[in-house]
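One letter stands for each residue in the lines below.
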Amino acid sequence: MRHRSLILLLALAAFICVTFFVNYETLTLPPNHSCLQQNLRSRLPDGSSGTVKFSVSSAPDAFTILQTRIQGAKQVIWTLSDKGYIPFLRPWRDRLYSFNRSTIFVASLDNETATYCVEHDIPFVHYPEELGVVKFVLSSKLAAFGVEALFTEMDVFWIEDPFLSVVQPMLKVDPSLDLLITGHVNHLRVNIGVFFARPTSSVIAFFSSLATYYHLRRDLWGPTRDQIIWDGYLRNIDELPDLPTWIPSVHWAKIDNNLVGAGDGVYRYDLLKAIHMHSIAGSKPDELTKLYRGDLEGALKVIPLHSKPLDVHLCGFPKCW
């Protein structure tokens, strides 16, 4: 009898925890839509409007939807977005579709973005978490689902097909690579705006470990903490505190800075395959608009062209962040 009472008390405690301590974001779905969330309609009355609740803490719906979305695909291109980038969601989608890249999705960070995606048939999963959590958790999940995944932030404009122009040539040189990562011209640390991950066991283990560490240390270093932790976990430049005794090893390489140009400049314009608008303070919306309107020359004016190599040793932590 005492054992039965104890079990009942434990069950009640678990119910209270689930009810009161798991936060939810609510997304209202319009009655007619043909977006990624179509498979959720079965949870609502047929043909009616309704709401679907997504768990912020574990995002089980997001993972299920993601797996459904990429089923059968070998490659996927994805990004994340909040309401600040809503004006560029359709141009981003259409640009990738123009390369015949049909398996793409947006990780929406807020309800406004999710609702916009539903209304404009933009494939998405709703995962309203902190940036680094979304990047690292979804990267682990995509690898576990068996797809090659290219992450590209919303302020990256692709001039050419990223797989054909960047990923495939690099893997042809070294097929054993697990990760391809962008860097900087003016310092040696990696950038987190674009990275490619193969679905290897090393990648799955690495991102799972990284996501766990990030969750514990995301109170440090301010808004660029995802990039700092990304660099340190790759054992590149920065040393991180309280690292686990064992970090899964991955074979990675930097993408040529001249292929993905950014605000810190390039040495050759003719090699550019993408433009990343990071470090271009105040100009992102205007320059992105120029790019999506076909004004490549106008956008290039904000990317410095260096005539000689920069002294990368002059830039130390945290100056470069």
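Because the structure is a prediction, the values reported are computed rather than measured. (Residues numbered from 1 in each chain as written. Predicted model: local features only at pLDDT ≥ 70, side-chain atom pairs only at ≥ 80, totals over all residues. Heavy atoms only, no water.)

### Details of the environment of Ser 165
In this fold, Ser 165 is placed in helix 6 (residues 162–173). We classify Ser 165 as buried; its relative accessible area is 12%. Sequence separation between Ser 165 and Leu 259 is 94 residues, and the spatial gap between their C-alpha atoms is 8.7 Å. Residues within four places of Ser 165 in sequence aside, it is in contact with Glu 160 and Lys 273. At 2.6 Å, the side chain of Ser 165 and the backbone oxygen of Asp 161 are in polar contact. (Helix = DSSP H or I, 4+ residues; strand = E, 2+ residues; numbered from the N terminus. Buried < 20%, exposed > 50% of the residue type's maximum accessible area, 1.4 Å probe, protein only. Contact = heavy atoms within 4.5 Å. Polar contact = N/O pair within 3.5 Å; in protein donor to acceptor, adjacent residues only side chain to side chain.)

### Things to note about the pairing of strand 6 (residues 148–152)
When you tally the buried positions in strand 6, you get four out of five residues, the bulk of the element. Relative to strand 6, strand 3 (residues 75–81) runs parallel, the two being bridged by four bridges. Bridged to Trp 78 within strand 6 is Phe 151. The sheet contact formed by strand 6 and strand 9 (residues 194–197) spans four bridges and is antiparallel. Note on strand 9: the bridge partner recorded for Leu 150 is Phe 196. (Pairing = 2+ DSSP bridges.)

### Some remarks on unusual backbone geometry
One non-glycine residue, Asn 100, adopts positive backbone phi at about 65 degrees. Looking at the secondary structure, you find Asn 100 in the loop between helix 3 (89–97) and strand 4 (104–108). Of note in the backbone geometry, Asp 242 takes a positive phi value of approximately 55 degrees without being a glycine. Its place among the elements puts Asp 242 in the loop between helix 8 (225–233) and strand 10 (252–254).

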